[in-house]
Amino acid sequence: MAKFPGVDFLHLEFLLSSEEVMVRNTLRDFVDSEILPIIEKHNRDATFPQQLIPRLGDLGVLGANLHGYDCAGLNNVAYGLIMQELERGDSGLRSFASVQGALVMYPIYTFGSPEQKERWLPRLARGERVGCFGLTEPNFGSDPGGMITKAVREGGGYILNGTKTWITNGSIADVAVVWAKTDEGVRGFLVEKGTPGFSTSNIEGKFSMRASVTSQLVFDDCQIPQENLLPGTRGLKSPLMCLSQARYGIAWGAIGAAMACYVTALQYARDRVQFGKPLASYQLVQEKLVDMLTEISQAQLLCLHLGRMKDQGTIQPSQISLAKRNNVKAALEIARTARDILGANGICDDYPIIRHMCNLETVNTYEGTYDIHTLIIGQEITGISAFR
Ligand code: TGC
Ligand code: FAD
């Protein structure tokens, strides 16, 4: 399979350090050689390529921007480039890494006790353990503050009751970071696989994120020992802080999916002849390709700037919302346009576009829908909340 050439119309590579370029190229090679050859079959079969988890650990991908505990300790631009390359392979692979790093390792790292960090972080970083993040409930998606999952103090610990749904990695996870209401407001708990009263089932019939495990988690009088409470968690702000980490990675990841679609459509338009000339020679097609490239270039600039801000510690959640909203929408439009340029071939999985297009429908919805991010930014600039 040909090496991926990248998309860098603005020569942004000159703004990257040699370490950042090296990390990106390592992931680029990994995606070309180990993900692309197998991903369409996994997508057809609706299976997650679980055999790649230890490889992700070897490559230092899991919790790559965390320090210590066997994490790679990379900066946020290198971390973003990893997400970009993984999602060029498949959004499901990037999702796996986002959940493990931003939604499981980050809360343990940020809110966990020293014992919780020592026990879980190195194993999660090496890919020896898998985690999931349970916030969404059947009746509370965009509005997680309404959650009804409850943890009631009893004896030396808590009794957990409730249901979480649409949980990435749910049934393959060794540990679930679960958010529940307590007498002190929302707190986070580590619920270990095999805990009596904790069961999972997979959500079937997905036309999107087929190469990713999505599950429901049920807690039925589940006894959670006191030492599994994440002691630093306080209110809804704690899970929302985790979402900021994951949304930042998604903004980068969307660029990867968009690049895969653009490069495929460009090559196809050059090769495919209709009315005696290549599709790429027609002005209408050129305009589509130019629009795609422009959106990719803008998304790249946005992420690079935000990555530098994140490293300086100046980034705000609403700025991450702007990037997640913009880049995922752009990627989805690019995927739909690329699908159109391939005509009938665009609906077939001989090409990666239809898979990315379907995956991006999920990416547009999870971690805050497009419209929820509109309202988050709207609230920031007007000072008025339109949520309720
Ligand atoms: P609100 O009153 O606005 O906020 C409560 C407290 O949290 C603070 N806050 C944040 N802090 C850090 N990062 C953020 N992004 C934050 N957003 C808000 C806020 O300042 C406040 O702090 P304080 O000190 O005043 O208490 O809460 P609200 O109930 O009005 O909620 C508003 C809203 C809409 C922003 C929020 O609920 C939201 O973001 N909804 C979208 C839900 C969502 O994104 N769910 C994602 C579930 S996980 C997932 O999808 C994983 S996909 C994984 C994969 O496969 O990649
Ligand atoms: P709803 O909140 O019901 O929204 C439906 C529609 O109404 C949307 O268009 C929304 O924008 C709109 N809407 C809602 N409120 C407003 C409003 N106030 N004003 C205007 N419009 C509004 N969750 C987890 O906790 N962990 C995970 O690992 C996870 N992984 C996921 C994996 C997949 C494949 C998917 C599809 C979802 C996953 N989710 C996960 C859940 C995801 O975060 C939610 O689906 C998302 O937050 C939206 O919630 P909802 O689906 O309940 O939609």
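Residues numbered from 1 in each chain as written. Chains lettered and ligands numbered in written order. Predicted model: local features only at pLDDT ≥ 70, side-chain atom pairs only at ≥ 80, totals over all residues. Heavy atoms only, no water.

What follows concerns the site of ligand 1. Taken together, the neighbourhood of ligand 1 is formed by 26 residues, with S95, S244, R247, G368 and R388 sitting nearest. In this structure, a nitrogen atom belonging to ligand 1 sits 2.9 Å away from a main-chain N or O atom of S142. Here an oxygen atom of ligand 1 and a side-chain polar atom of T168 are 3.0 Å apart. Bound to the protein, ligand 1 loses 73% of the 1,100 Å² it would expose on its own. Elements supplying a minimum of two residues to the shell around ligand 1: helix 4 (91-111), helix 6 (237-271) and helix 10 (370-382). When residues of the shell around ligand 1 are assigned to their parent elements, the largest contribution, six residues, is made by helix 6. Looking at side-chain class alone, the shell around ligand 1 contains 13 nonpolar, eight polar and five charged residues. (Near = heavy atom within 4 Å. Polar contact = N/O pair within 3.5 Å; in protein donor to acceptor, adjacent residues only side chain to side chain. Areas by Shrake-Rupley, 256 points an atom, 1.4 Å probe, with all protein chains shown as cover. Helix = DSSP H or I, 4+ residues; strand = E, 2+ residues; numbered from the N terminus. Nonpolar A, V, L, I, M, F, W, Y, C, P; charged D, E, K, R; others polar.)

What follows deals with the pairing of strand 5 (residues 185-192). Note on strand geometry: in a regular strand, side chains alternate between the two faces of the sheet. Strand 5 sits mainly inside the fold: six of its eight residues count as buried. Taken together, the eight bridges between strand 4 (residues 175-182) and strand 5 define a ladder with antiparallel strand orientation. Residue pairing for strand 5: A176 is matched across the bridge by V191. (Buried < 20%, exposed > 50% of the residue type's maximum accessible area, 1.4 Å probe, protein only. Pairing = 2+ DSSP bridges.)

Quick look at the domain arrangement of the chain now. Frequently, the measure chosen for interface size is the accessible area removed from exposure when the parts meet. Domain boundaries in the chain define domain 1 (12-125), domain 2 (131-228) and domain 3 (237-382). Between domain 1 and domain 2, the C-alpha centre-to-centre distance is 23 Å. Listed by partner, the interface residues are 26 residues for domain 1 and 19 residues for domain 2. Summing the contributions of domain 1 and of domain 2, the shared interface buries around 1,700 Å²; its carbon and sulfur component is 65%. The interface formed by domain 1 and domain 2 contains one salt bridge. (Domains from an automatic or database assignment. Contact = heavy atoms within 4.5 Å. Buried area = accessible area lost by both parts, 1.4 Å probe. Salt bridge = Lys/Arg side-chain N within 4 Å of Asp/Glu carboxyl O.)

Let us now look at helix 7 (residues 283-312). Here helix 7 spans 44 Å end to end across 30 residues, near enough to the 44 Å set by a 1.5 Å rise per residue. Taken from the residues just after helix 7, G313 is the one with a positive phi, measuring 80°. (Expected span 1.5 Å × (residues − 1).)

Attention now goes to the nonpolar core. As a rule of thumb, nonpolar side chains are buried together in soluble globular proteins. In this structure, I82, L86, L160, W179 and V191 are the most contacted members of the largest nonpolar core, which totals 119 residues. Of the residues forming this core, the biggest block, 17 residues, is contributed by helix 6. Apart from residues no more than four positions distant in its own chain, V191 is found in contact with L160, D174, V175, A176, V178, F198, F219 and I224. (Core = buried A, V, L, I, M, F, W, Y, C linked by side-chain atoms within 4.5 Å.)

The next point concerns unusual backbone geometry. Positive phi, close to 55°, is recorded for A46, a residue that is not glycine. Relative to the elements of secondary structure, A46 occurs in the loop between helix 1 (18-45) and helix 2 (53-58). You can call A46 partly exposed: its relative accessible area is 42%. A positive phi angle is found at E367, which is not glycine, with a value near 60°. Within the fold, E367 resides in the loop between helix 9 (353-365) and helix 10. Of the residues examined, E367 reaches a relative accessible area of 14% and is grouped as buried.

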